[in-house]
Amino acid sequence: MAASKKTEELDALEPMLTRLKLTAIRDQLDTLLDQAGRAELNLREALSMLCAAEVARKDERRIQMGMSIAKFPCVRTLEGFEYDAQPSVDPKQIRELATSRWVANGDSVLLLGPPGVGKTHLAVALGREAIVRGYSTLFVPATSLVTQLVRAHVEGRLEEKLVHFAKPKLLVVDELGYLPFEANAAHLFFQLVSRRYERGSMLVTSNRSVAEWGGVFGDAVVATAILDRLLHHSHVITIRGDSYRLRTKRRSGLVNQAGANPETTN
Ligand code: ADP
Ligand code: MG
């Protein structure tokens with residue numbers, strides 16, 4: 001009698017775990033209980049171990065969801081960044097940024113430098129760190145952002161778009177300055193920057209130095225107003241040096257280094 005009551009309770013366990021959305025515990029129940037048994041855990045320890053499995057699954061899901069919402073163009077991590085290849089990047093500063101305290105504070109990060117030096121790599125990797133720490137993040141190439149704002153403006157939906165881009169705690173705008181903005185676009189970008197100002201963080205990558213932004217925006221006054229806000233609480237990282245892609249090619253002898261014999265270069 002007692003045994004069959006116990007079986008009934010066990011049978012009810014799976015539906016209960018489902019109802020409580022404890023799916024990791026449900027799916028790995030036998031394995032987890034085995035582990036707990038073998039480790040001779042007491043009830044409290046076993047419960048803690050089951051909860052840890054559930055928390056790990058929930059975190060993993062949350063990060064996956066955050067990553068898909070962020071729309072990163074590629075997978076890049078800080079672990080995959082070689083500091084030796086880019087001596088102008090300070091590992092200590094990147095480690096500090098990886099804590100995402102700057103996102104919590106609503107600061108901005110500007111990553112400046114020529115093509116191929118790892119700006120997008122670091123932008124995506126820092127965006128990922130922000131998601132891991134629970135901050136909603138959206139990645140958008142600057143040209144796409146501007147096209148969307150201009151179109152929304154023409155169609156009378158600007159407010160909706162501004163809300164969309166102002167909402168994430170971190171907005172990553174990649175490759176600002178590859179194409180100059182038209183005057184109206186610069187003004188729309190300014191509206192977005194002011195709306196986010198001191199509320200959410202922005203990470204902007206650009207191949208132009210800050211001094212050249214007047215030319216990028218086609219209007220020195222708007223450029224100054226944008227920079228004023230972006231630079232107020234900011235971390236500016238200027239990367240100098242060679243393109244990582246070319247460096248790899250140079251090493252394999254595909255591209256000649258000035259004065260170097262490809263056969264003796266490694
Ligand atoms: P940028 O955005 O500055 O033009 P990317 O971030 O797109 O440059 O870098 C070009 C390629 O080289 C990418 O695949 C990137 O992952 C890689 N890369 C650049 N710098 C590094 C580095 N220091 N360590 C590892 N990979 C790098
Ligand atoms: Mg890039």
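Structure: above.
For the rest of this paragraph, the subject is the site of ligand 1. The full set close to ligand 1 counts 14 residues, and Arg76, Glu82, Gly116, Thr120 and His121 are the nearest of them. Here an oxygen atom of ligand 1 sits 3.2 Å away from a polar atom, N or O, in the main chain of valine 117. Between an oxygen atom of ligand 1 and a side-chain N or O atom of lysine 119, the distance comes to 2.8 Å. Summarising the interface, the protein chains cover 88% of the accessible area of ligand 1, which totals 560 Å² for the free molecule. Elements with a minimum of two residues in the shell around ligand 1: α7 (119-132) and α13 (244-251). Here the shell around ligand 1 takes three residues from α7, the largest share from any one element. When the residues that make up the shell around ligand 1 are grouped by side-chain class, the tally is five nonpolar, five polar and four charged.

Turning next to the packing of helix α9 (residues 158-166) against helix α10 (residues 183-196). Contact pair α9 / α10: the axes reach a minimum separation of 10 Å and the direction vectors enclose 50 degrees. Taken as axis vectors, α9 and α10 run oblique relative to one another. In this structure, α9 meets α10 at a crossing whose hand is right-handed. Only Leu188, Gln191, Leu192, Arg195 and Arg196 of α10 make contact with α9, whose side of the interface consists of Leu158, Glu159, Leu162, Val163, Phe165 and Ala166. Here the residues of the contact of α9 with α10 are counted per class, giving seven nonpolar, one polar and three charged.

What follows is about the pairing of strand β1 (residues 108-112). Of all five residues in β1, five are buried; the element is thus mostly enclosed. What you see with β1 is no split at all: Ser108, Leu110 and Leu112 on one side and Val109 and Leu111 on the other are buried throughout. Strand direction decides the pairing type here: β1 and strand β5 (residues 234-238), joined by five bridges, are parallel. Within the sheet, the bridge partner assigned to leucine 112 lies in β5 and is threonine 238. Where β1 meets strand β4 (residues 201-206), four bridges bridge the pair, whose relative direction is parallel. Bridge assignment links valine 109 to a residue of β4, and that residue is leucine 203.

Let's shift gears to the environment of proline 180. Note on placement: proline 180 falls in the loop between β3 (170-176) and α10. Looking at proline 180, the relative accessible area reads 62%, which means it is exposed. Taking the C-alpha atoms as reference points, proline 180 and tryptophan 213, separated by 33 residues in sequence, lie 9.2 Å from one another. Those residues in contact with proline 180 that sit more than four places away from it in its chain are Gly215 and Val216.

A few words now on unusual backbone geometry. The residue lysine 71 is not glycine, and still its phi comes out positive at about 55 degrees. By secondary structure assignment, the location of lysine 71 is in the loop between α4 (43-70) and α5 (91-98). With a phi close to 65 degrees, glutamate 175 is a non-glycine residue in the positive phi region. Within the element layout of this structure, glutamate 175 appears in strand β3. The partly exposed category is assigned to glutamate 175, whose relative accessible area is 36%.

Now for the nonpolar core. If you look at the biggest cluster of nonpolar residues, it comprises 33 residues, and the most contacted ones within it are Val173, Leu176, Phe181, Phe189, Trp213 and Phe217. The element that contributes the greatest number of residues to this core is α10, accounting for seven residues. If sequence neighbours within four positions are ignored, phenylalanine 181 has contacts with Val146, Leu176, Ala186, Phe189, Val216 and Phe217. With 27 residues, the next largest nonpolar core counts Ala70, Trp102, Val117 and Ile131 among its residues.

Here the focus is α9. All of the buried residues along α9 are Leu158, Lys161, Leu162 and Phe165. For α9, the buried positions fall inside an angular range of 100 degrees around the axis, keeping them on one side. Each element contacted by the buried residues of α9 is listed here: β2 (137-141), α8 (142-154), β3 and α10.

About the criteria used
- Residues numbered from 1 in each chain as written.
- Chains lettered and ligands numbered in written order.
- Predicted model: local features only at pLDDT ≥ 70, side-chain atom pairs only at ≥ 80, totals over all residues.
- Heavy atoms only, no water.
- Near = heavy atom within 4 Å.
- Polar contact = N/O pair within 3.5 Å; in protein donor to acceptor, adjacent residues only side chain to side chain.
- Areas by Shrake-Rupley, 256 points an atom, 1.4 Å probe, with all protein chains shown as cover.
- Helix = DSSP H or I, 4+ residues; strand = E, 2+ residues; numbered from the N terminus.
- Nonpolar A, V, L, I, M, F, W, Y, C, P; charged D, E, K, R; others polar.
- Axes fitted to C-alpha atoms, helices over the stretch in contact; angles between N-to-C directions.
- Parallel < 35°, antiparallel > 145°, perpendicular 65-115°, else oblique.
- Left-handed = near helix turned anticlockwise from the far one by under 90°.
- Contact = heavy atoms within 4.5 Å.
- Buried < 20%, exposed > 50% of the residue type's maximum accessible area, 1.4 Å probe, protein only.
- Pairing = 2+ DSSP bridges.
- Core = buried A, V, L, I, M, F, W, Y, C linked by side-chain atoms within 4.5 Å.
- Arc of directions from axis to C-beta.

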